[in-house]
Amino acid sequence: QVQLVESGGGLVQAGGSLRLSCAASGSIFSVDAMGWYRQASGKQRELVAIITSGGVTNSADSVKGRFTISRDNAKNTVYLQMNSLKPEDTAVYYCNAYVTNRSYFSRNYWGQGTQVTVSS
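The shown structure was predicted, so the numbers you read here are calculated from the model rather than taken from an experiment.

Rules used in this analysis
Residues numbered from 1 in each chain as written. Predicted model: local features only at pLDDT ≥ 70, side-chain atom pairs only at ≥ 80, totals over all residues. Heavy atoms only, no water. Salt bridge = Lys/Arg side-chain N within 4 Å of Asp/Glu carboxyl O. Helix = DSSP H or I, 4+ residues; strand = E, 2+ residues; numbered from the N terminus. Buried < 20%, exposed > 50% of the residue type's maximum accessible area, 1.4 Å probe, protein only.

1. Overview of the pattern of salt bridges
Within this structure, the stated rule accounts for 4 salt bridges. Across the pair D89 and R38 runs a salt bridge whose closest N-O atoms are separated by 2.9 Å. Of the two residues, D89 is situated in the loop between β8 (77-82) and β9 (91-101) and R38 in strand β4 (residues 28-39); the sequence distance between them amounts to 51 residues. The residues D89 and R38 share a single accessibility class, namely buried. For the salt bridge of K64 with D61, the shortest nitrogen-to-oxygen distance reads 3.6 Å. We classify D61 as exposed; its relative accessible area is 67%. What emerges from the salt-bridge pattern is a single network uniting R38, E46, R66 and D89.

Set out below in structure tokens:
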């Protein structure tokens with residue numbers, strides 16, 4: 001019913017930038033909070049940044065000042081602008097969204113993940 005499709009991952013050199021996108025589609029009534037998570041090899045998944053339906057954002061200390069989360073409600077899309085990338089940012093990045101479908105059932109949905117690799 002609801003799918004999250006991610007794009008924008010890839011290989012970039014340290015200091016470079018990438019912009020991740022995640023579009024929610026399907027039987028959507030509303031998209032509420034959205035977030036980006038990442039999981040590096042051998043590590044647990046961690047929260048990178050979140051944005052509420054009202055546009056309030058928060059991010060992990062490790063990415064503050066470098067990453068910016070934003071959203072386009074008309075497109076049901078969340079973005080993660082990543083600047084000044086470091087090798088330690090290398091991970092699979094997962095999109096998450098709290099979605100209410102047209103049956104008024106609400107839950108978190110996950111994207112399939114997109115690989116971000118930062119070379120030194």
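After presenting the structure, the write-up continues.
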